[in-house]
Amino acid sequence: GDPGKLALDLEWDGISLTDIARAAGISDNRFRGNLAGGLRLTELHGADIVHAVGDGRLRITNGDLGQVPAFTAIYSYLEEPRRPRFEDLAVDFRIADERVTIPRFEVSSPLLTATGSGAIGMGGYIDMRIDFPDFFGKSADWLFIPQVLRVLTNELARFQVYGYLRAPKTQPLWLW
């Protein structure tokens, strides 16, 4: 028979990532932060998640999200103490056409901010572009890093993250 149709509007705020990790059986307590966001499903037929339609947002603040595995290529150029440990995350997303489209993504640390956009298919395939709008970080001294070098480096610091979520690949995107 007809599985029925579900629509929902869900908001959450002040949820502890530590508590979520503990409930999921993850004993690594390095992941912490406050989770907020919302999900609005306008169409869900039964349990058919693949064909769901909706949108949402996810925010993590005051966190310790660890090192982002997709940034391994970038980390190899930085000494261990200079590798960013991201604290804040903001993602806006839309669900439709058997994928999650991410028009805006931002993850930040005191050393580095990364922004991006892309999509994740319901089968787990990711295709995202990641930019580093201030590759030298928020605390870089303007007297020692000329503006021309900043602009050039920021234009060159672009990466494509692609492949399945289990083992994504990263490649630089060159201007030419």
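Everything here concerns the structure above.
All of these numbers come straight from a predicted model, not from anything done at the bench.

Participant: If you had to explain the overall build of the chain to someone new, which residues and values would you point to?
Facilitator: On a plain count of helices and strands, the chain comes out with three helices and nine strands. Element order for the chain, N to C, with α for helix and β for strand: β-α-β-β-α-β-β-β-β-α-β-β. The buried share of the chain, reckoned over its 176 residues, is 34%. Partitioning the intrachain contacts of the chain with sequence separation of at least 6 by distance along the chain shows that 46% fall at a separation of at least 24. Total accessible area computed for the chain in this model is approximately 10,900 Å², and 58% of it derives from carbon and sulfur atoms.

Participant: Can you lay out the nonpolar core for me, pointing to particular residues and giving the numbers?
Facilitator: Most often, soluble globular proteins have nonpolar side chains that are buried together. Counting residues in hydrophobic clusters, the biggest one holds 24 residues, and the most contacted among them are L89, I102, F105, M128 and I130. The residues touching F105, leaving out its near neighbours within four places in the chain, are L89, A90, V91, A114, T115, G116, M128 and I130.

Participant: How would you sum up the packing of aromatic side chains? Please name residues and give values.
Facilitator: Counted under the stated rule, the structure contains one aromatic pair. Ring plane angle 85° and centroid distance 5.3 Å describe the contact between Y125 and Y164, whose orientation is recorded as edge-to-face. Taken together, the residues Y125 in strand β7 (residues 125-131) and Y164 in strand β8 (residues 158-164) connect sequence positions 39 residues apart. With relative accessibility at 37%, the residue Y125 sits in the partly exposed group. Relative accessible area serves as the criterion here: at 44%, Y164 is assigned to the partly exposed category.

Participant: Hey, could you go over the pairing of strand β2 (residues 32-45) for me, with residue numbers and the actual values?
Facilitator: Inspection of the sheet shows strand β1 (residues 5-16) paired to β2 by nine bridges, in the antiparallel sense. Within β2, the residue paired with D9 across the bridge is R40. As paired elements, β2 and strand β3 (residues 53-64) share 10 bridges and run antiparallel to each other. Following the sheet pairing, N34 is matched in β3 by T61.

Participant: Let's hear about the pattern of salt bridges: which residues, and what values?
Facilitator: A complete count under the given rule lists seven salt bridges for this structure. Close ionic contact of D19 with R22 constitutes a salt bridge, the shortest N to O distance being 3.1 Å. In this pair, D19 and R22 both sit in helix α1 (residues 17-23), three residues apart, roughly one turn of the helix. In this structure, R40 engages D55 in a salt bridge whose closest nitrogen and oxygen atoms are separated by 2.4 Å. One end of the pair, R40, is in strand β2; the other, D55, is in strand β3, with 15 residues separating them in the sequence. By relative accessible area, R40 is classed as partly exposed at 38%. D55 gets classed as partly exposed once you look at its relative accessible area, which sits at 25%. One connected set of salt bridges, linked through shared partners, spans R59, D92 and R104.

Conventions we followed
Residues numbered from 1 in each chain as written. Predicted model: local features only at pLDDT ≥ 70, side-chain atom pairs only at ≥ 80, totals over all residues. Heavy atoms only, no water. Helix = DSSP H or I, 4+ residues; strand = E, 2+ residues; numbered from the N terminus. Buried < 20%, exposed > 50% of the residue type's maximum accessible area, 1.4 Å probe, protein only. Contact = heavy atoms within 4.5 Å. Areas by Shrake-Rupley, 256 points an atom, 1.4 Å probe, with all protein chains shown as cover. Core = buried A, V, L, I, M, F, W, Y, C linked by side-chain atoms within 4.5 Å. Phe/Tyr/Trp six-rings, centres within 6.5 Å; stacked < 30°, edge-to-face > 60°. Pairing = 2+ DSSP bridges. Salt bridge = Lys/Arg side-chain N within 4 Å of Asp/Glu carboxyl O.

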